[in-house]
Amino acid sequence: MLGDGTTMPPKDKKDEGGGRGLTGREKIAVLMVSLGSEIAPEVYKKLDDSTIELITLEIANLRKVTPDVKLTVLKEAQEILMAREFMARGGVEYARDVLEKALGPERAQTLLARITASLQVKPFDFMRHTDAGQILGFIQNEHPQTIALILSYLEPPQAAMILSGLNPVLQADVTKRIANMDRITPEVLREVERVLERKLSTVMGQDFTVAGGIDAVVAIVNSTDRATERNIMEYLEENDPELAEEIKKRLFVFEDSMRLDDRSLQRVLREVDQKELSLALKGATEDLKTKYLKNMSKRAAEMLQEDMDFMGPVRVKDVEEAQQKIVNIIRGLEEQGEIVIASGGGDDMIV
């Protein structure tokens, strides 16, 4: 893997295009030699050890390179860098338009195919570098299914900001659509991207690509503010209780109780059965155990530690059930407004 995410070409794969039969690795070796002893070391600094070893081996085995082959390799490298810059600046379609004018349709298509294959450009990639507020203004009047599709491909923090900006009814509708989304054909993705500023993010091949699902919803909702999360969950509890329960289970796990401040955790401990707690902590990290113990009285902490020490082996299923009971208590206290769970990067405090 190269420093920018480009994969080293297979050794035995010949490229009869501009490299006169050289393999991809041989081209890289020629390029590094051509860059000279001052520039090549700077490139090496950005590569991982395994890539450096491969390139060095190719350089060691490199045959005599004629000036015209060297020039061809340098020209190809320049074209690839130019194509990548155009893609970063304006997306695939912009790069294609510029490259077709400069190099012709066939050469432009070859370069873009090579780059997008190595970069594995994701759908709606051009939106990842756009301000969330601008995206919100751009898509808020789109069909909820279109919005759901877009958000499922964006990074959770960015998607959360956009979701928070939608009106409450649309927030819940879009969330449900993301959760129920399964697989999207490349044709549908291409059509949506074509409508949205005609900036395609290449979908390689004709296989289905996974989009959305419960995990996508949990990742996004976990990054929203508490008001947005509450609105979504209330809607789903009324309209799709099973989905709401599944999301709720994943939305806050036992390990997340590390996010509770001491006063909140002490309030939770008043509701928790000690036997359940000792079982739940049996499978917890040392940091989490310490957090619980330090928020108990000295005597209670000693008793809890003794319970865990003498408990012996326990079933994972039993530990998970005990942890889920405590999670349900935490979520219940949060819904009653007695505690606030830090979420979405906010500065929530105990109520």
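Residues numbered from 1 in each chain as written. Predicted model: local features only at pLDDT ≥ 70, side-chain atom pairs only at ≥ 80, totals over all residues. Heavy atoms only, no water.

K.L.:
Teacher, can you tell me more about the packing of helix α13 (residues 262-269) against helix α15 (residues 286-294) here?
P.N.:
Each pair of packed helices gets described by two things: the angle between the helix axes and the distance between those axes. As a packed pair, α13 and α15 sit with axes 9 Å apart at the nearest point and diverge in direction by 75°. Taken together, the axes of α13 and α15 are roughly perpendicular relative to one another. In this structure, α13 uses D262, L265 and L269 to contact α15, whose residues at the interface are K291, Y292 and K294. Looking at the contact of α13 with α15, its residues break down into three nonpolar, no polar and three charged. (Axes fitted to C-alpha atoms, helices over the stretch in contact; angles between N-to-C directions. Helix = DSSP H or I, 4+ residues; strand = E, 2+ residues; numbered from the N terminus. Parallel < 35°, antiparallel > 145°, perpendicular 65-115°, else oblique. Contact = heavy atoms within 4.5 Å. Nonpolar A, V, L, I, M, F, W, Y, C, P; charged D, E, K, R; others polar.)

K.L.:
When you look at the nonpolar core in this model, what are you seeing that I'm missing?
P.N.:
Membership of the largest hydrophobic core comes to 36 residues, with the highest contact counts inside it found for L151, I162, V174 and I247. Ranked by the residues each element gives to this core, the list is headed by helix α6 (residues 144-153), at six residues. Each residue touching L151, except ones within four places of it in the same chain, is listed here: A159, I162, L163, V174, I178 and I220. Listed in part, the 28 residues of the second largest apolar core include A284, L293, M308 and V319. (Core = buried A, V, L, I, M, F, W, Y, C linked by side-chain atoms within 4.5 Å. Buried < 20%, exposed > 50% of the residue type's maximum accessible area, 1.4 Å probe, protein only.)

K.L.:
Help me understand the confidence of the model for the chain in this model?
P.N.:
Detailed conclusions should not be drawn from predicted coordinates in areas where pLDDT is low. Overall, the prediction assigns the chain a mean pLDDT of 75, with 74% of residues at 70 or greater. Note on residues 1-19: pLDDT under 50 across the span, and 47 contacts to partners over four residues away in sequence or across chains. Per-residue pLDDT stays below 50 along residues 344-351; that stretch engages in 18 contacts with residues further than four places along the chain or on separate chains. (pLDDT = per-residue confidence, 0-100.)

K.L.:
Sorry, what's going on with helix α5 (residues 132-139) here?
P.N.:
Those residues of α5 not exposed but buried are A132, I135, L136 and I139. Buried residues of α5 fall within an arc of 105° about the axis and therefore sit on the same side. For α5, the secondary structure elements touched by its buried residues are α6 and α7 (156-165). (Arc of directions from axis to C-beta.)

K.L.:
Explain the packing of aromatic side chains to me, please; I cannot follow it from the model alone.
P.N.:
Each aromatic ring pair is characterised by the separation of its centres together with the angle its planes make. In total, this model carries one aromatic pair according to the counting rule given. Taking 5.7 Å as the distance between ring centres and 25° as the angle between the ring planes, the aromatic pair formed by F254 and Y292 counts as stacked. Taken together, the residues F254 in the loop between α12 (241-251) and α13 and Y292 in helix α15 connect sequence positions 38 residues apart. Summarising the burial analysis for this pair, F254 and Y292 share the class buried. (Phe/Tyr/Trp six-rings, centres within 6.5 Å; stacked < 30°, edge-to-face > 60°.)

K.L.:
So what exactly am I meant to see when it comes to the packing of helix α14 (residues 274-282) against α15 here?
P.N.:
Interaxial distance between α14 and α15 falls to 10 Å at its minimum, and their mutual angle equals 155°. Between α14 and α15, the angle is such that the two are roughly antiparallel. Contact residues: α14 offers L277, L281 and K282, while α15 offers L288, K289 and Y292. Here the contact of α14 with α15 is composed, by residue class, of four nonpolar, no polar and two charged.

K.L.:
How should the environment of V319 be read in this particular structure?
P.N.:
Among the secondary structure elements, V319 is positioned in helix α17 (residues 316-335). Not counting the four nearest positions on each side in its chain, V319 is found in contact with L279, A280, K282, G283 and V314.

K.L.:
Please clarify how the pattern of salt bridges should be interpreted in this entry.
P.N.:
Pairing between side chains of opposite charge can happen when the charged atoms of each approach one another. In this structure the tally under the stated criterion is 11 salt bridges. Between R267 and E338 there is a salt bridge; the shortest N-O distance is 2.6 Å. Within this pair, whereas R267 is found in helix α13, its partner E338 is found in the segment after α17, the two being separated by 71 residues in sequence. By relative accessible area, R267 is classed as buried at 14%. In the salt-bridge network here, residues are joined through shared partners; they are R267, E271 and E338. (Salt bridge = Lys/Arg side-chain N within 4 Å of Asp/Glu carboxyl O.)

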